[in-house]
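Report on the structure
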Amino acid sequence: MRRNIMLTLAYDGTNYCGWQVQPDSLSIQECVERATEQLTGTRSRVLSASRTDSGVHALGQVASFVTESTIPIEQFRRGLQRFLPEDIAVVQSQQVSLEFHATYSAVRKRYRYLMYDGPILPPFLKGRALHSHRALRLAPMQAALSSLLGTHDFRCFETQYPNKATSVRTIMEVSMTRLPNWFPWTADHIWQPQNQRPHEAPDAAVICFEIMADGFLYNMVRAIVGTLIRIGLEQEPPEHLAQVIESLDRRQAGNTVPPEGLYLVKVDYPEELLVC
């Protein structure tokens, strides 16, 4: 009997070329497909909610594959984990409808981007957050966020437009906050040395940008963050973000920031497809 198995995966993307199988580099998809073959005895194509790029991390990537294996569903998570590297974790496994498709059934995705604008980046955050060497002002960045909400043509944030049939997307939620510097390794005299540049919140140097939409264009989140950084550096006013969206011109937006600060947090699906 054919069964459709849904996996929720978390991974550190540092050592991988992204999700999708590549001929000359190791990918997350390759590792997961190898694991399913070792567990079930049959190679299955593993689909994903998002083809995360090289260096991008995930807290809630969703993948699915069809199998005729009779292994009890509660054993899939532990069984697959035995054959996966330590930087890829199976958070959950469940059997879902045969109509479920990890890519095309998704209705919402949530991404997070982390920045650190303290003077010295803790080495434990290397590869996991963007280090801004200049302090950012949170208030103007927050003031710009409302321009993102709603349905717009977001081609101004898309790399190599067009990549999709349409560049229109709907953003439902967006936020930007500072997080307290509570780390087990924090020592104030190390991370906040004397005679350094002024900082608006030296005890909260981590900035968390979070966004939820019905879908995202290629490099869209990273281009939005690059534009917000220009606003946070006071190189542009808050209203610049709305002007960029209205322009439909990628050249008006900020740089595509590096991948290491980006996390796929959660993917939502219709409830009726999550039952078998």
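Shown above is the structure to which this text applies.
Residues numbered from 1 in each chain as written. Predicted model: local features only at pLDDT ≥ 70, side-chain atom pairs only at ≥ 80, totals over all residues. Heavy atoms only, no water.

This paragraph deals with the environment of Trp19. Among the secondary structure elements, Trp19 is positioned in the loop between β1 (3–11) and α1 (28–40). Remark: the alpha-carbon pair of Trp19 and Thr170, spanning 151 residues in sequence, is separated by 24 Å. (Helix = DSSP H or I, 4+ residues; strand = E, 2+ residues; numbered from the N terminus.)

All right, on to unusual backbone geometry then. The step from Tyr161 to Pro162 runs through a cis peptide bond, and the omega angle for that step is -5 degrees. Following the sequence through the fold, Pro162 ends up in the loop between β7 (150–153) and β8 (168–179). Of note, the phi angle at Glu234 is positive, near 60 degrees, even though the residue is not glycine. With respect to the helices and strands, Glu234 occurs in the loop between α5 (220–232) and α6 (240–247). Classification of Glu234 as exposed rests on a relative accessible area of 53%. (Buried < 20%, exposed > 50% of the residue type's maximum accessible area, 1.4 Å probe, protein only.)

Moving on: the nonpolar core. Counting 71 residues, the largest nonpolar core has Met115, Leu148, Phe157, Phe209 and Leu228 as its most contacted members. Broken down by element, the residue count for this core peaks at eight residues, all from α5. Counting residues in each nonpolar core, the second largest holds eight residues, with Leu114, Tyr116, Leu125 and Tyr263 among its members. (Core = buried A, V, L, I, M, F, W, Y, C linked by side-chain atoms within 4.5 Å.)

The next thing to look at is the environment of Gly150. Note on placement: Gly150 falls in strand β7. Sequence separation between Gly150 and Val206 is 56 residues, and the spatial gap between their C-alpha atoms is 27 Å. Excluding residues that lie within four positions of it along the chain, Gly150 makes contacts with Arg169, Thr170 and Ile171. (Contact = heavy atoms within 4.5 Å.)

A regular strand places its side chains on the two faces of the sheet in alternate fashion. β1 sits mainly inside the fold: nine of its nine residues count as buried. Here β1 shows no split at all, with Arg3, Ile5, Leu7, Leu9 and Tyr11 on one side and Asn4, Met6, Thr8 and Ala10 on the other all buried. Looking at chain direction, β1 and strand β3 (residues 57–67) are connected through eight bridges and run antiparallel. Bridged to Ile5 within β3 is Phe65. (Pairing = 2+ DSSP bridges.)

For the rest of this paragraph, the subject is the pairing of strand β10 (residues 262–268). Burial analysis of β10 places six of its seven residues in the buried class, the great majority of the element. Sheet topology note: the β3/β10 ladder contains two bridges and is parallel. Opposite Ala58, over in β10, you have Leu264 as the bridge partner. The pairing of strand β5 (residues 108–116) with β10 spans six bridges and is antiparallel. For Arg108, the partnering residue across the bridge sits in β10 and is Asp268.

What follows is about the side chain of Asn4. Tracing the chain through its elements places Asn4 in strand β1. Overall, Asn4 belongs to the buried group, its relative accessible area being 2%. Separated by 2.9 Å, the side chain of Asn4 and the backbone oxygen of Ser97 make a polar contact. A distance of 2.9 Å separates a polar atom in the side chain of Asn4 from the backbone oxygen of Phe100. Aside from chain neighbours lying at most four places away, what touches Asn4 is Ser64, Phe65, Val66, Gln94, Gln95, Val96, Ser97, Leu98 and Phe100. (Polar contact = N/O pair within 3.5 Å; in protein donor to acceptor, adjacent residues only side chain to side chain.)

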